[in-house]
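Architecture and fold: a report
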Amino acid sequence: MNFFRSFFSTRPTSPGTMAQASKKVQQLINDNPVVVFSKSYCPYCKETKRTLESIGATFEAFELDKAADGAALQDAIQELTGQRTVPNTFILQESIGGNSDLQSLYSSGKLKGLLADAGALSA
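Description of the structure in this document. (Residues numbered from 1 in each chain as written. Predicted model: local features only at pLDDT ≥ 70, side-chain atom pairs only at ≥ 80, totals over all residues. Heavy atoms only, no water.)

1. Concerning the sheet that holds strand β4 (residues 94–97)
One open sheet accounts for four strands, arranged β2-β1-β3-β4; its pairing is mixed. Each edge of the open sheet carries a strand with a single partner, namely β2 (60–63) and β4. Ignoring which end each strand starts from, the neighbouring axes of this sheet average 25 degrees apart. Relative to strand β3 (residues 88–91), strand β1 (residues 34–38) runs antiparallel, the two sharing four bridges. Following the sheet pairing, Val 34 is matched in β3 by Ile 91. Relative to β3, helix α4 (residues 70–81) is tilted by about 60 degrees, and along the sheet it contacts β1, β2, β3 and β4. (Pairing = 2+ DSSP bridges. Helix = DSSP H or I, 4+ residues; strand = E, 2+ residues; numbered from the N terminus. Axes fitted to C-alpha atoms, helices over the stretch in contact; angles between N-to-C directions. Contact = heavy atoms within 4.5 Å.)

Here's what the structure looks like:
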């Protein structure tokens, strides 16, 4: 029983780990005009990436479930944005939110403008 309890419990991220994760997240955001924090199995993440690809956007997709420190990175993203869920998309260092937010920007025609400003649209 203890095995299951330890497996399913969430452990808080230690302060040192959190500082490293925050630094890594901020570096990814700073180094990429468009970054999507994602999980490879998430249907909403897949939809966000599919939408960006469909309009010719170049972006960095960081798969949290594939990273050894993914849980700590997700904690750092939550600390930064208040949003724990994925996807969490950043354009020019600003979080635009999740998939529904991205789809709203796409539907309104504003997404292409944001991506153009970021230099993230293929010619």
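Next comes the rest of the account.
2. A word on the packing of helix α5 (residues 99–108) against helix α6 (residues 110–117)
Where α5 contacts α6, the axes come no closer than 5 Å and their chain directions differ by 100 degrees. By the angle between their directions, the pair α5 and α6 is classed as roughly perpendicular. Between α5 and α6, the contacting residues are Leu 102, Leu 105, Tyr 106 and Ser 108 on the first element and Lys 110, Leu 111 and Leu 114 on the second. Here the contact of α5 with α6 is composed, by residue class, of five nonpolar, one polar and one charged. (Parallel < 35°, antiparallel > 145°, perpendicular 65-115°, else oblique. Nonpolar A, V, L, I, M, F, W, Y, C, P; charged D, E, K, R; others polar.)

3. Here's the deal with the pattern of salt bridges
Per the counting criterion, the structure on display carries four salt bridges. The closest approach of N and O atoms between Lys 49 and Glu 63, which form a salt bridge, is 2.7 Å. Placement of Lys 49 in helix α3 (residues 43–54) and of Glu 63 in strand β2 is noted, with a sequence separation of 14 residues between them. (Salt bridge = Lys/Arg side-chain N within 4 Å of Asp/Glu carboxyl O.)

4. Some details on the packing of aromatic side chains
Scanning the entire structure with this criterion turns up two aromatic pairs. Between Phe 37 and Phe 90, the ring centres sit 5.8 Å apart and the planes meet at 85 degrees, which makes this aromatic pair edge-to-face. In this pair, Phe 37 is assigned in strand β1 and Phe 90 in strand β3, connecting sequence segments 53 residues apart. No difference in accessibility class separates Phe 37 from Phe 90, as the two residues are buried. Three or more aromatic residues joined by ring pairs make a cluster, and in this case those are Phe 37, Phe 62 and Phe 90. (Phe/Tyr/Trp six-rings, centres within 6.5 Å; stacked < 30°, edge-to-face > 60°. Buried < 20%, exposed > 50% of the residue type's maximum accessible area, 1.4 Å probe, protein only.)

5. Side note on the side chain of Thr 89
Inspection of the secondary structure assignment puts Thr 89 in strand β3. The class of Thr 89 is buried, set by a relative accessible area of 0%.

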